[in-house]
Amino acid sequence: MTPPRSAFSAPPQGGAASGPAEPVPPRPLDGGAALPAADAALLAQLLGRDALPRRRAIAKTITLLESTRADHRLRADELLNALLPHAGRSFRLGISGVPGVGKSTFIEALGLHLIRLGHRVAVLAVDPSSSVSGGSILGDKTRMEQLSVHEAAYIRPSPSSGTLGGVAERTRESLLVCEAAGYDIVIVETVGVGQSETAVAGMTDMFVLMQLPNAGDDLQAIKKGVMELADLVVINKADLDEAAATRARAQITSALRLFGLHGHPDHAHHDQKAWHPRVLQLSALKATGLADFWQAVTEFKSLQTANGRLAARRHAQDGAWMWERIDAGLKARFRAHPAVREQLAVMAGQVRAGTLAASVAARRLLDLFH
């Protein structure tokens, strides 16, 4: 009898290394019996063997999760609970970096590399929404032409819709859907983020920060924020200026060593059982350095699984996710409260006119809510 595979291990290779991944076998529909017929059928397709119905089911499920209609939210909650026993078996990789650093190009090159190794790859790409019109281009599939049409890959672009932190409001739920559908590598690509936008580090197993050569001096490298949370830093476009890329690698390596001495406890430099963040150079456009990158990811996964920190990280993320949804739900209920809705416009007008302090207005509205 074949021993069960670890929740974070790669799928069996089987056959030529360049061939497509094996289809996911059908799994029992734990918890699906209580679902309405339409949603039970959707869950069956999501967990099934047929690739085309499965892809459609993933898209429909994520769309349902992203809906703001009250009846859709109830259906989505039940569906999410039904697929939960089938999720959690993938490795979650967060990719972040400034606009123009080459995240999409890197993810496509990495995704194709992983598929050749026998993995199935899902990409959740978050696109910025316009603060003027509210619209979003959702153009990441256009940048990933080869990966988007591969049968072993699935790409879902979503708008940020005003959500801070570089991710979308339902990215965590979408991640679970992709895991339940059998994708063993799930990549979350953020919008172009700044130093304080670190939400993706709170929903993935490994946080990768992409940087450019000539992105700043030593002081820029040691600024707190997104840098001290990175498990791996990648200097992309190293082929454009190799000397600048080498210089940036040295600066960031020194900064990460300083953070390890006086910063993030999970990266403590004196703890030999902990992962110590590294800095790599590569060129996503030329697909060079990908093997070294994935070797570093594999070492991270093995070490963090052995020392128990990977599981602890996920448990902490689940708790933070619950409180985040509580905060969002309280805000939505506050705005929908009849007494608040009646006085909100009046008090907002008084605040704009300068006749009422904003803090006083907020306190009075909260009193009405309670």
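Residues numbered from 1 in each chain as written. Predicted model: local features only at pLDDT ≥ 70, side-chain atom pairs only at ≥ 80, totals over all residues. Heavy atoms only, no water.

1. Let's talk about the overall build of the chain
Quick reminder of the rule: Comment: elements are numbered from the N terminus, with helices defined as DSSP H or I runs of at least four residues and strands as E runs of at least two. Only protein chains enter the calculation, and the probe is 1.4 Å; a residue is then buried if its accessible area is under 20% of its type maximum, exposed if over 50%, and partly exposed in between. In what follows, a contact means two residues having at least one pair of non-hydrogen atoms within 4.5 Å. Residue burial considers only the protein chains on display, and all accessible areas are found by Shrake-Rupley using a 1.4 Å probe.
The number of helices and strands found in the chain is 14 helices and seven strands. Counting all 370 residues of the chain, 45% fall into the buried class. Across the chain, contacts joining residues at least 24 apart in sequence account for 76% of those joining residues at least 6 apart. For the chain, the exposed area adds up to about 18400 Å²; of that, 58% sits on carbon and sulfur atoms.

2. A look at unusual backbone geometry
The residue lysine 237 is not glycine, and still its phi comes out positive at about 60°. Note that lysine 237 resides in the loop between strand S6 (232-235) and helix H10 (242-262). Even without a glycine there, the phi angle at alanine 287 is positive, about 55°. Here alanine 287 is to be found in the loop between strand S7 (278-281) and helix H11 (290-306). Accessibility expressed as a relative area gives 44% for alanine 287, which makes it partly exposed.

3. Remarks on the sheet that holds strand S2 (residues 121-127)
Formally: The rule for pairing is simple: two strands pair if DSSP sees at least two bridges between them. For helices, the fitted axis covers only the stretch in contact; all axes are lines through C-alpha atoms, and the angles between them, taken along N-to-C directions, range from 0 to 180 degrees.
Sheet architecture is open: seven strands sit in the order S3-S2-S4-S1-S5-S6-S7, paired in parallel fashion. One side of each edge strand has no neighbouring strand; the edge strands of this open sheet are strand S3 (153-159) and S7. Direction aside, the axes of adjacent strands within the sheet are offset by 20° on average. Pairing analysis gives four bridges linking strand S5 (residues 206-211) to S6, with the strands arranged parallel. Its bridge partner lying in S6, leucine 209 is registered against valine 233.

4. Remarks on the side chain of glutamate 179
Position of glutamate 179 relative to the elements: it lies in helix H7 (residues 171-180). Residue glutamate 179 is classed as buried on the basis of its relative accessible area of 3%.

5. Digging into the pairing of S3
Successive residues of a regular strand alternate their side chains across the two faces of the sheet. The buried fraction of S3 is high, at six of seven residues. By the bridge criterion, seven bridges tie S2 to S3 in an arrangement that is parallel. Paired with valine 121 across the bridge in S3 is alanine 153.

6. What about the packing of aromatic side chains?
The criterion, for reference: Stacked, tilted and edge-to-face pairs are distinguished by plane angle, under 30 degrees for stacked and over 60 for edge-to-face with tilted covering the rest, among Phe, Tyr and Trp rings (Trp via its six-membered ring) whose centres lie within 6.5 Å.
For the structure on display, the rule yields five aromatic pairs. Relative to phenylalanine 293, the ring of phenylalanine 106 has its centre 5.0 Å away and its plane inclined at 90°; by these criteria the two rings are edge-to-face. Remark: phenylalanine 293 occurs in helix H11 and phenylalanine 106 occurs in helix H4 (residues 103-116); sequence separation between them is 187 residues. Here phenylalanine 106 matches phenylalanine 293 in class, with each residue buried. Ring centres 5.6 Å apart and planes at 70° place the aromatic pair phenylalanine 334 and phenylalanine 369 in the edge-to-face group. With phenylalanine 334 in helix H12 (residues 309-336) and phenylalanine 369 in helix H14 (residues 358-369), this residue pair connects regions lying 35 residues apart in the sequence.

7. Overview of the pattern of salt bridges
Let me state the cut-off plainly: The salt bridge definition used is simple: a Lys or Arg side-chain nitrogen within 4 Å of an Asp or Glu carboxyl oxygen.
One pass over the structure, following the stated rule, counts twelve salt bridges. Between arginine 156 and glutamate 66 there is a salt bridge; the shortest N-O distance is 3.1 Å. In this pair, arginine 156 sits in strand S3 while glutamate 66 sits in helix H2 (residues 51-66), placing the two residues 90 residues apart along the sequence. Look at glutamate 66 and you get partly exposed, because its relative accessible area is 28%. Arginine 325 serves as the salt-bridge partner of glutamate 324, at 3.8 Å between the closest nitrogen and oxygen.

8. Notes on the side chain of histidine 113
Relative to the elements of secondary structure, histidine 113 occurs in helix H4. Residue histidine 113 is classed as buried on the basis of its relative accessible area, which comes to 16%. Look past the residues within four positions of histidine 113 in its chain and what remains in contact with it is Leu290, Ala291 and Trp294.

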